[in-house]
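Listed here are the chains, written in short residue letters.
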Amino acid sequence: MARLRAFAPPLKPAAPPGYNSGQVFNHTPTFSLLRGMRMGQDSSGWSVLLDWFWSDPLRGLAALACVLALASTPVAFAVLGRREYLFTRRGRTYRPPEWWSVVCGMALVMGVPGIVLTLLVKSQYFDEDRYAFDPNTTWSVVEQGRQYRSAQELAEAAEREYSRLQEERRLLVEGVKKLDEAMIPLRAAAATFPPTAEALPGVLENLATIREAVGVDAPQQLLDETAPPIELARDSATAIPFPYPMAVPPGFNWPSAPGASPAPAVGPGLTPAEREAELAQVPAPQRDLAALLPLTNLPQGWEVGDSGGRSLETFNADNLYEKIDGRAESFVQYDVVGMAYTFYHPEGNPANEVQLYIFELSNPLNALGKYGTEKPEDAEPLQLGTAGYSSGASVFFHAKSYYVQIVPTSESDEFRAFALALARRISNDILPGSAPEPDSSASPAVAAADGRDGSEPPPSSTEEPAEAADPTALFALLPDGPGRSNEQYVAQDVFGYSFLSHVFMASYAEGDRSWQAFIRPYASPERAREVFDLYRAEAEAFDAKIQEVESESVDAMYVAENFGLIDVLFLRGNVFGGVNGATDLDAARAFAERFAGSLPAEVPHFDNTDSETETDTKAASDAEEGD
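Rules behind the numbers
- Residues numbered from 1 in each chain as written.
- Predicted model: local features only at pLDDT ≥ 70, side-chain atom pairs only at ≥ 80, totals over all residues.
- Heavy atoms only, no water.
- Helix = DSSP H or I, 4+ residues; strand = E, 2+ residues; numbered from the N terminus.
- Contact = heavy atoms within 4.5 Å.
- Expected span 1.5 Å × (residues − 1).
- Buried < 20%, exposed > 50% of the residue type's maximum accessible area, 1.4 Å probe, protein only.
- Polar contact = N/O pair within 3.5 Å; in protein donor to acceptor, adjacent residues only side chain to side chain.
- Phe/Tyr/Trp six-rings, centres within 6.5 Å; stacked < 30°, edge-to-face > 60°.
- Pairing = 2+ DSSP bridges.
- Core = buried A, V, L, I, M, F, W, Y, C linked by side-chain atoms within 4.5 Å.
- Salt bridge = Lys/Arg side-chain N within 4 Å of Asp/Glu carboxyl O.
- Patch = residues over 30% accessible without salt bridge, like charges linked within 9 Å, V, L, I, M, F, W, Y side chains within 5 Å.
- Areas by Shrake-Rupley, 256 points an atom, 1.4 Å probe, with all protein chains shown as cover.
- Arc of directions from axis to C-beta.
- Axes fitted to C-alpha atoms, helices over the stretch in contact; angles between N-to-C directions.
- pLDDT = per-residue confidence, 0-100.

Secondary structure assignment for the chain yields 15 helices and 15 strands. Residue pairs at least 24 apart in sequence account for 61% of intrachain contacts in the chain once pairs closer than 6 positions are excluded.

Structure follows, in structure tokens:
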């Protein structure tokens, strides 16, 4: 026994908690006998069996009983089957059992001790935790050691497991390093989105724990430890003597510090240096847009809001949904380029605020179109930009390619006055002189970034290039008529037709009758004719009744009547226009003839890019294929 016990060297000093040593080397008789045979030792096994019996006498007696039962059952059946132990009475004849019935009975009897013996053998390999499942626990090679027949196999398996873990660690270290590199552009992008900037320090703290776990030293420094430049003192009341003599050139007038004129006063808001620091963090494509946000020289009592350590936010078409989720798609349809955002609140009172959104679209037509889709019919017009209006305390206007929204969270006069002051300043920055102050003696307006009053045009040493014609001038071509209202520019899918886009229209009403007039100039009369005919084909496809109309004021005209509604369409030069949704045929026809006769021979168009023409042509082709 001493030799057998000395064979197995100790694998580890102490077993872990809950560790079952029987899982590694179970000193069962079978295992001990096999091991003794492999090592050339005594294979009689009698001493081994005796030692196993006395280690647990109750278990040994149970096993001995099962073995005796299994051994004696066939003998008992054989002996009893040959003896006439059943005597019959009253003339009955005894019939010995068949051979198969004896075998079946013997198997049933032997099954009981066989099952008990199987359970005893199985108990030698019993695992207390075989039904426990912990996803956070990894079984080591030693804990799975019962599948190995010797200590050498166990050592080889442990070596393979160590190599595998080293490879996993190497891959994990490389992954953490790549993650560090990916965090650098993410940190730069977070500067334009305060919620991300607020969450980023916590992410970096968690990454530090991972680096420590995998042993990565000297990680990438992702935090920007540099502070933004501070503004120098605006004036100096005391002259600072220069300790060394200085030769002054003849005729040079060096003003003394006490007599120097002080710098102009700066109102509330950011200082110019702080504003430049904010703009420096904005991505280059949105920097000019963000420069339109009034951040300096605010009216007294107001300050710029702080959102995650930033005073402004910028977005492009791809991430606009992060700020205005649910509305971003409507701006993307009008080809939005970017958006700049900031907010203001009274000093020391952030409960209510004034939110400022400046959207930049690809061209003035799209800015006009988006502005028109959101303008209510009962809006109060304002002289801002190209066109503007107010709704409650909110102010909206468009100018050039910009669409501006100023939305206070309070309806008070204080907030409305501040919103109007912001709107005038931005309007004059985009279109100088487009928003004059209503009263020069009023309270100071929001000054421009360079100290100008908002109503003054910005100084410039060179003249700006001439602007293209204002597309809103086409509204003037729509006739003055009864109840004219709701001037609107529709960029696409006019009246539900995909081939009809970039249309200017207005609504009219007289008594219980209402209709719409629209005009769409094209780059050539041929293109206008193509859309004119396509509209007719679409109307006929919906079983509309078509009636040709002769008129000297147009090149062609027809009436399309369907579902009780009347459309009068005309073609004049490069213009496709008409009346839509009328209920009185004579009135609609007279209005359309008067409308067409008032148009010039050639109307300015705004199809100045090939992409717009290609888009209209593709829509027309799709409509023809649908027919």
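Here we come to helix 12 (residues 413-430). For helix 12, built from 18 residues, the straight-helix expectation of 26 Å at 1.5 Å per residue is met to within 8% by its first-to-last C-alpha distance of 26 Å. Burial within helix 12 is extensive, with 13 of its 18 residues counted as buried.

Attention now goes to the side chain of Ser-434. Mapped onto the secondary structure, Ser-434 falls in the loop between helix 12 and strand 9 (485-490). Of the residues examined, Ser-434 reaches a relative accessible area of 10% and is grouped as buried. Within the structure, Ser-434 has its side chain in polar contact with the side chain of Ser-427 (distance 2.6 Å). When residues no more than four places from it in sequence are discounted, the contact partners of Ser-434 are Gln-383, Leu-384, Gly-385, Ser-427 and Asn-428.

This next bit is on the packing of aromatic side chains. Taken as a whole, this structure holds 25 aromatic pairs when the rule is applied. Each ring, one from Tyr-357 and one from Phe-359, has its centre 6.3 Å from the other, and the planes form 5 degrees; the classification is stacked. The pair Tyr-357 / Phe-359 is uniform in exposure class, with both members buried. Look at Tyr-497 and Tyr-535: their rings are 4.9 Å apart centre to centre, the planes differ by 65 degrees, and that puts the pair in the edge-to-face class.

This part covers the environment of Val-214. Here Val-214 lies in helix 7 (residues 194-214). On the basis of relative accessible area, Val-214 is assigned to the buried category, the value being 5%. Ignoring any residue separated from it by four or fewer positions in sequence, one finds Val-214 in contact with Arg-169, Leu-172, Val-173 and Val-176.

Now for unusual backbone geometry. Residues other than glycine seldom take positive phi values, yet Asp-543 does so here, at roughly 65 degrees. Although it is not a glycine, Phe-563 adopts a positive phi angle of roughly 55 degrees. Assignment of secondary structure puts Phe-563 in the loop between strand 13 (556-562) and strand 14 (565-572).

Moving on to the pairing of strand 8 (residues 402-408). In terms of burial, strand 8 is largely enclosed, as six of its seven residues are buried. When strand 7 (residues 394-399) meets strand 8, the two strands line up antiparallel, connected through five bridges. Each bridged residue has a counterpart across the sheet, and for Ala-399 the counterpart in strand 8 is Tyr-402. Here strand 7 hands over to strand 8 after two residues, with Lys-400 in that stretch at a positive phi of 50 degrees.

Here we come to the nonpolar core. Ranked by size, the top nonpolar core spans 50 residues in total, and within it Leu-320, Phe-359, Tyr-403, Phe-504, Val-568, Phe-570 and Val-579 carry the most contacts. Ranked by residue count, the leading element in this core is helix 14 (residues 585-597), at five residues. The residues contacting Phe-570, other than those within four sequence positions of it, are Phe-532, Val-554, Ala-556, Met-557, Val-575, Phe-576, Gly-577, Gly-578, Ala-592, Phe-595, Ala-596 and Leu-599. Ranked by size, the runner-up nonpolar core spans 33 residues in total, among them Val-354, Val-395, Val-404 and Phe-415.

A word on the pattern of salt bridges. Once their charged atoms are close, side chains differing in charge can pair, the charge on each being opposite to the other. Evaluation of the coordinates by the stated rule reveals 17 salt bridges. Salt-bridge contacts for Lys-370 lead to Glu-374; the nearest nitrogen and oxygen are separated by 3.2 Å. Pair noted here: Lys-370 and Glu-374 are both in helix 11 (residues 364-374), with a separation of four residues, about one helical turn. Judged by relative accessible area, Glu-374 falls into the partly exposed class, the value being 24%. Between Glu-510 and Arg-513 there is a salt bridge whose closest N-O contact spans 3.1 Å. By relative accessible area, Glu-510 is classed as partly exposed at 39%. Shared partners join several salt bridges into a network, and the residues in it are Glu-167, Arg-170 and Glu-174.

Now for the environment of Ala-582. Here Ala-582 shows up in strand 15 (residues 575-582). On the basis of relative accessible area, Ala-582 is assigned to the buried category, the value being 3%. Here the alpha-carbon distance between Ala-582 and Ser-514, two residues 68 residues apart in the chain, equals 6.2 Å. In this view, Ala-582 contacts Ser-514, Trp-515, Gly-564, Leu-565, Ile-566 and Ala-588; residues no more than four positions away in its chain are not counted.

Our focus in this paragraph is a nonpolar patch on the surface. The grouping of Trp-46, Leu-50 and Trp-54 at the surface amounts to a nonpolar patch, some 430 Å² of accessible area in total. By secondary structure assignment, the location of Trp-54 is in helix 3 (residues 46-55).

Let's shift gears to helix 14. Think of an α-helix as turning once every 3.6 residues; residues three or four places apart then point the same way. Over its 13 residues, helix 14 extends 18 Å from the first C-alpha to the last, a length consistent with the 18 Å expected when each residue adds 1.5 Å. Of all the positions in helix 14, only Ala-588, Phe-591, Ala-592, Phe-595 and Ala-596 are classed as buried. In an axial view of helix 14, the angular spread of the buried residues amounts to 130 degrees, which keeps them on one side of the axis. Turning to helix 14, the residues buried within the fold contact strand 10 (503-510), strand 11 (513-521), strand 13, strand 14 and strand 15. The distance from a side-chain oxygen at the start of helix 14 to the backbone nitrogen of Asp-586 is 3.1 Å, and the residue carrying that oxygen is Asp-584.

Quick look at the sheet that holds strand 10 now. Pairing is antiparallel in the open sheet, where seven strands are placed in the order 9-10-11-15-14-13-12. The sheet is open, and its two edges are formed by strand 9 and strand 12 (545-548), each paired on a single side. Direction aside, neighbouring strands of the sheet carry axes that sit 20 degrees apart on average. Judged from the six bridges that link them, strand 14 and strand 15 form a sheet pairing that is antiparallel.

Looking at the chain, the pLDDT average stands at 75 and 69% of residues meet or exceed 70. No element of the chain has a lower mean pLDDT than helix 1 (residues 2-7), which averages 37, and none a higher one than strand 8, which averages 95. Scored below 50 in pLDDT, residues 1-31 makes 43 contacts in the model with residues more than four places away or belonging to other chains. This stretch, residues 254-265, has a pLDDT under 50; its non-local contacts, to residues over four places away or in other chains, come to five contacts.

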